[in-house]
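# Close look at the chain arrangement
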Amino acid sequence: MPRILVIEDNPANLKLATLLLHKAGHVVTSARTAEDGLSAVRAEEPDLILMDVQLPGMSGLDATRLLKQDPATRHVPVIAVTALAMKGDEERIRAAGCDGYLAKPLRYQQLWESISALLARRDQGNADESR
Ligand code: MN
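First things first, this report covers the structure right here in the doc. Bear in mind the structure is a predicted one, so any value in this text is a computation, not a measurement.

Conventions we followed
- Residues numbered from 1 in each chain as written.
- Predicted model: local features only at pLDDT ≥ 70, side-chain atom pairs only at ≥ 80, totals over all residues.
- Heavy atoms only, no water.
- Donors = N, O, S within 2.8 Å, 3.2 Å for Na, K, Ca; no water.
- Buried < 20%, exposed > 50% of the residue type's maximum accessible area, 1.4 Å probe, protein only.
- Helix = DSSP H or I, 4+ residues; strand = E, 2+ residues; numbered from the N terminus.
- Expected span 1.5 Å × (residues − 1).
- Polar contact = N/O pair within 3.5 Å; in protein donor to acceptor, adjacent residues only side chain to side chain.
- Phe/Tyr/Trp six-rings, centres within 6.5 Å; stacked < 30°, edge-to-face > 60°.
- Lys NZ or Arg CZ within 6 Å of the ring centre and 35° of its normal.
- Contact = heavy atoms within 4.5 Å.
- Core = buried A, V, L, I, M, F, W, Y, C linked by side-chain atoms within 4.5 Å.
- Axes fitted to C-alpha atoms, helices over the stretch in contact; angles between N-to-C directions.
- Parallel < 35°, antiparallel > 145°, perpendicular 65-115°, else oblique.
- Left-handed = near helix turned anticlockwise from the far one by under 90°.

### Brief notes about the coordination of the manganese ion
- Each protein donor to the manganese ion is listed here as Asp9 (OD), Asp52 (OD) and Gln54 (O); together their distances run 2.1 to 2.2 Å.
- For aspartate 9, a relative accessible area of 29% puts it in the partly exposed group.

### Remarks on helix H1 (residues 11-23)
- Between the first and last C-alpha of H1 there are 18 Å, a value that for 13 residues agrees with the 18 Å anticipated at 1.5 Å per step.
- One side-chain oxygen at the N-terminal end of H1 lies 2.9 Å from the backbone nitrogen of alanine 12; it belongs to asparagine 10.
- Remark: glycine 25 follows H1 within two positions and exhibits a positive phi of approximately 90°.

### Examining the packing of aromatic side chains
- Per the stated rule, a full pass over the model turns up 0 aromatic pairs.
- The residue whose ring lies beneath lysine 23 is tyrosine 108, and the NZ or CZ to ring-centre distance is 4.3 Å.

### Topic: the side chain of threonine 73
- Within the fold, threonine 73 resides in the loop between helix H3 (60-69) and strand E4 (78-82).
- Exposure remark for threonine 73: the relative accessible area of 4% places this residue in the buried category.
- Once residues within four sequence positions are removed from consideration, threonine 73 is found in contact with Val41, Arg42 and Leu67.

### Side note on the nonpolar core
- In this structure, Ile7, Ile49, Met51 and Leu67 are the most contacted members of the largest nonpolar core, which totals 20 residues.
- Of all the elements in the fold, those that place two or more residues in this core are strand E1 (3-7), helix H2 (34-44), strand E3 (48-52), H3 and E4.
- With sequence-adjacent residues up to four places away left out, isoleucine 49 is seen in contact with Leu5, Ile7, Val41, Leu67, Val76, Pro77, Val78 and Ile79.

### What about the side chain of lysine 68?
- With respect to the secondary-structure elements, lysine 68 resides in helix H3.
- Not counting chain neighbours up to four residues away, the residues in contact with lysine 68 comprise Arg74, Val76, Pro77, Val78, Ala96, Gly97 and Asp99.

### So, the packing of H2 against H3
- Two elements in contact, H2 and H3, have axes whose closest approach is 10 Å; the angle formed by their N-to-C orientations is 25°. It follows from the interaxial angle that H2 and H3 lie roughly parallel. Between H2 and H3 lies a crossing whose hand is right-handed. Residues Ala34, Leu38 and Val41 of H2 touch H3, and the partners they reach there are Ala63, Leu66 and Leu67.

What follows is the structure, encoded as structure tokens:
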């Protein structure tokens, strides 16, 4: 079962994400800050990260930049989750290295589709490397 790390500071949003991910059959772990999330990525080696953009302290986008600069973690797909839906947000999110993004509130179908696509792409990449 894919293991998803949710980095989210808002308890209600974390609860919803966990519920939807469990429904999709994923194993869920969580962190409330970017700093704790970075530690969790290294400790847990999740299959995918759901990253809130607005976090106390370091932002989700800065945390993603760090993950994508590190050879040990850059292969882990990151889906940014944002309450903002303003012009320029998608560009900022992509520039930080996020592999996808979703707007709050999370919806099951979109979440499931985004995760499935990224995990399939990652699995395909692994298959290519082993050839
Ligand atoms: Mn937040």
